[in-house]
Amino acid sequence: MDVPETVATALDDRPVEGAVCLEAGAGVGNATAGLLAADADRVYAVTDDPDHARETRQRVGGDADRAAVIRADLRATPLPDDSVEVVTAHALCNVLDPAALSAVAAELTRVAAPGAHLVVDDYEPLPDAAAVRDLFAVENAASELAESRAALTFYPAAMLRRLFAGFGWAFDRRRTLLNPVPWTERHVEAHADAAREAAAELDAPLRKPLTAEIDRVADAVGSESAGEMYSLAFWLDG
Amino acid sequence: MATVPESGMETRTLGTTGHDSTITTFGAIALNWLEQEGANQMVEHVLDHGVNHFDVAPTYGDAELKLGPKLRQHREDIFLGCKTQERDYEGAKRKLHRSLDRLGVEKIDLYQVHGLEYEEELDEITADGGALEAFREARADGLIDHIGLTSHADPGLIIDAVDEIDDLETLMFPMNPVVVGQDDGEDGYEDVLDRATEADIGTLGIKAFADGPWPPTDELAESDRPFCNWYEPVHRPDEIRERFDFAASQGLTSVVNPGDPKLVSMVLDAARRYDGMDEATQRSLVEQHRGADSPVPQQLHH
């Protein structure tokens, strides 16, 4: 199974072997693939996105006795208290606004067993000069107008560290996963598509200029390597 | 062991050969596209940068002939690798003597099995009457010092060769962010590097500067390609440096320049300035090149 180096690097000093694990916000199941490759006993991949659930299921379907894909809102994670030994939030927090982030952090803490490990991988806020900021700005603008919430928030590592510490997680280490972060044409196109999807929900007077701006910005960015992706590791002092 | 001599370019020990090779090896195929005077200048330019390991082959047009004059002038300063695509005893012996004649030297320091591709070839070269018999005889006669192998085929086959050839001292194989990012469950070139390092076999990286295949010939005719490489190379100084740093930081003994003479000077400069590459930057390059042919769908994150 194709495990990105980001995930492999974030997990390689964590005690995954034989553990019951939760990938919070499964995306396309990158961390689930990594946890399975690292010999997890069982992995729950939780996502509220039907496409992501389907993709993750397809990806790990061959490992059905170890992996379970659950479609659910992480703010009400359908797992019992103290039931998980390793939790990953790989590139999750940036798609949560502050209110959702706080609620999700509380839930991840509830399902984690005493002594559990938590890995939080995410992006530092981009430098001012990064062109790709313009793309995330129009993506957020479209999302704010359509759904009254930001699509993306890049939280500094120092901030997430303090947030999870507030929920009782002891900080273990910080690693740099990517520096710079390669926003390839495929990533840029994926974000442009997400922005267009949000814009499509708007009335024509807003939709048309916003869509044109999304096209223009995506074209202007092309691809760019900028920013930093980090990995924080914690354990639950219980 | 890595050291930086007065010449300014880092050297690393080439496995059990004991030779301290510079971190870039001059791929003398570049001489094939130059007239003799230009070839002489190129060799002087390469030596001025402190490069002490050269690699050539009889299949590189007339590169052996063009290397000859300056090689003979500076023979003591150059660790010379050559190779043969012959797989049987007679053919390998004939080609070795032909290379010695064309180069005009009495000894080749490193003689390599060139371009191993199939399992049957490995069987043939290692069998009685195979090429390795000629290699070993030549070593006993003092015509060569060390035995190596080059391949850009299946990494598993290269590892088999390591297991089957006890006196193999060097390997030459591809190393770049694309091959490092490939993860299909089979052995990769990283595994070749690990196996070679474990066995104290010197490692020479090729394809470090490959950007991808050329566009189809109906879009870009072969005669309109701006570089002579059979793949499209990276060619901006910052890209060349990035690719050099990546390959050298994987732990190879030495990185071979791309075959186009227009790119050689940039590689020499990158090698002189090499100062490692941190792991997050290496991963960034791998991630940048991953995905084009990944089975994983388009995604927002890394």
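Residues numbered from 1 in each chain as written. Chains lettered and ligands numbered in written order. Predicted model: local features only at pLDDT ≥ 70, side-chain atom pairs only at ≥ 80, totals over all residues. Heavy atoms only, no water.

Draft legend 1. The arrangement of the pairing of strand E9 (residues 168-174) of chain B in detail. Within E9(B), seven of the seven residues are buried, which leaves the element mostly enclosed by the surrounding structure. With helix H6 (residues 155-164) of chain B bridging strand E8 (residues 144-150) of chain B and its parallel neighbour E9(B), the resulting β-α-β unit is right-handed. (Buried < 20%, exposed > 50% of the residue type's maximum accessible area, 1.4 Å probe, protein only. Helix = DSSP H or I, 4+ residues; strand = E, 2+ residues; numbered from the N terminus. Right-handed = clockwise from strand over helix to strand, strands pointing away.)

Draft legend 2. Representation of the sheet that holds strand E3 (residues 67-71) of chain A in the model. All names here are of chain A. Strand order in the open sheet formed by seven strands is E3-E2-E1-E4-E5-E9-E6, with mixed pairing between adjacent strands. In this open sheet, the two strands that pair with only one neighbour each are E3 and strand E6 (169-178). Taken pair by pair, the neighbouring strands of this sheet meet at an average axis angle of 15°, ignoring direction. Alignment of strand E5 (residues 112-123) against strand E9 (residues 229-236), held across seven bridges, turns out to be antiparallel. (Pairing = 2+ DSSP bridges. Axes fitted to C-alpha atoms, helices over the stretch in contact; angles between N-to-C directions.)

Draft legend 3. Examining the side chain of Asp122(A) more closely. All names here are of chain A. Looking at where Asp122 falls in the secondary structure, it is placed in strand E5. Comment: no salt bridge for buried Asp122; closest opposite-charge side chain is Arg174, at 11 Å. A polar contact of 3.5 Å, which involves the side chain of Asp122, links it to the backbone nitrogen of Leu92. Polar contacts involving the side chain of Asp122 include one to the main-chain amide nitrogen of Cys93, which spans 3.0 Å. (Lys, Arg positive; Asp, Glu negative; His and termini not counted. Salt bridge = Lys/Arg side-chain N within 4 Å of Asp/Glu carboxyl O. Polar contact = N/O pair within 3.5 Å; in protein donor to acceptor, adjacent residues only side chain to side chain.)

Draft legend 4. Focus on the interface of chain A and chain B. Taken together, the contact pairs 34 residues of chain A with 21 residues of chain B. Interface area for chain A against chain B, summed over the two sides, is near 2,500 Å², with a carbon-plus-sulfur share of 51%. When the area that chain A buries against chain B is broken down by residue, the three leading residues are Asp2(A), Glu5(A) and Arg186(A), summing to 27%. At the boundary of chain A with chain B, the tally comes to zero salt bridges. On the surface where chain A and chain B come into contact, there are 15 residue pairs in polar contact (both at pLDDT 80 or more). Ranked by residues supplied to the side of chain A that touches chain B, first place goes to helix H7 (residues 185-199) of chain A with seven residues. Partitioning the side of chain A that touches chain B into residue classes produces 16 nonpolar, eleven polar and seven charged. (Contact = heavy atoms within 4.5 Å. Buried area = accessible area lost by both parts, 1.4 Å probe. Nonpolar A, V, L, I, M, F, W, Y, C, P; charged D, E, K, R; others polar.)

Draft legend 5. Looking closely at the pattern of salt bridges. Under the counting rule described, the total for this entry stands at 38 salt bridges over all chains. The residue Arg139(B) makes a salt bridge to Asp167(B) at a minimum N-O spacing of 2.8 Å. With Arg139(B) in helix H5 (residues 131-140) and Asp167(B) in the loop between H6 and E9, this residue pair connects regions lying 28 residues apart in the sequence. Residue Glu279(B) pairs with Arg283(B) through a salt bridge whose shortest N-O separation is 3.9 Å. One end of the pair, Glu279(B), and the other, Arg283(B), are both in helix H11 (residues 279-289), four residues apart, so they sit about a helical turn from each other. Overlapping salt bridges, with partners in common, bring together Asp12(A), Asp13(A), Arg14(A), Asp172(A), Arg173(A) and Arg175(A) in one network.

Draft legend 6. Region of interest: the domain arrangement of chain A. As far as domains go, chain A holds domain 1 (1-123 + 155-180 + 227-238) and domain 2 (127-150 + 185-222). For domain 1 of chain A versus domain 2 of chain A, the distance between C-alpha centres works out to 27 Å. (Domains from an automatic or database assignment.)

Draft legend 7. Region of interest: the sheet that holds E9(B). All names here are of chain B. The strand order E4-E5-E6-E7-E8-E9-E10-E13 describes a closed barrel built from eight strands, whose pairing is parallel. Ignoring strand direction, the axes of neighbouring strands in this sheet form an average angle of 30°. With five bridges joining them, E9 and strand E10 (residues 202-206) adopt parallel strand pairing. For Leu171, the partnering residue across the bridge sits in E10 and is Thr203.

Draft legend 8. Summary view of the packing of aromatic side chains. All names here are of chain A. Scanning all chains against the criterion turns up twelve aromatic pairs over all chains. Ring centres of Tyr123 and Trp183 lie 5.1 Å apart, and the angle between their planes is 40°; on these two criteria the pair is classed as tilted. Note that Tyr123 is positioned in strand E5 and Trp183 in strand E7 (residues 182-183), a separation of 60 residues in sequence. Like Tyr123, the residue Trp183 is buried in the burial classification. On the numbers, 5.1 Å between centres and 70° between planes, the contact of Phe136 with Trp183 is edge-to-face. Pair noted here: Phe136 is in helix H5 (residues 132-147) and Trp183 is in strand E7, with a separation of 47 residues, a long-range link. (Phe/Tyr/Trp six-rings, centres within 6.5 Å; stacked < 30°, edge-to-face > 60°.)

Draft legend 9. Layout of the pairing of strand E1 (residues 20-24) of chain A. Residue and element names in this part refer to chain A. Burial within E1 is extensive, with five of its five residues counted as buried. With five bridges joining them, E1 and strand E2 (residues 42-47) adopt parallel strand pairing. Looking at E2, one finds that Glu23 is bridged to Ala45. In terms of handedness, the path from E1 via helix H2 (residues 30-37) over to E2 forms a crossover that is right-handed. Two elements, E1 and strand E4 (residues 84-90), share three bridges in a ladder whose sense is parallel. By the bridge assignment, Cys21 is partnered in E4 with Val86.

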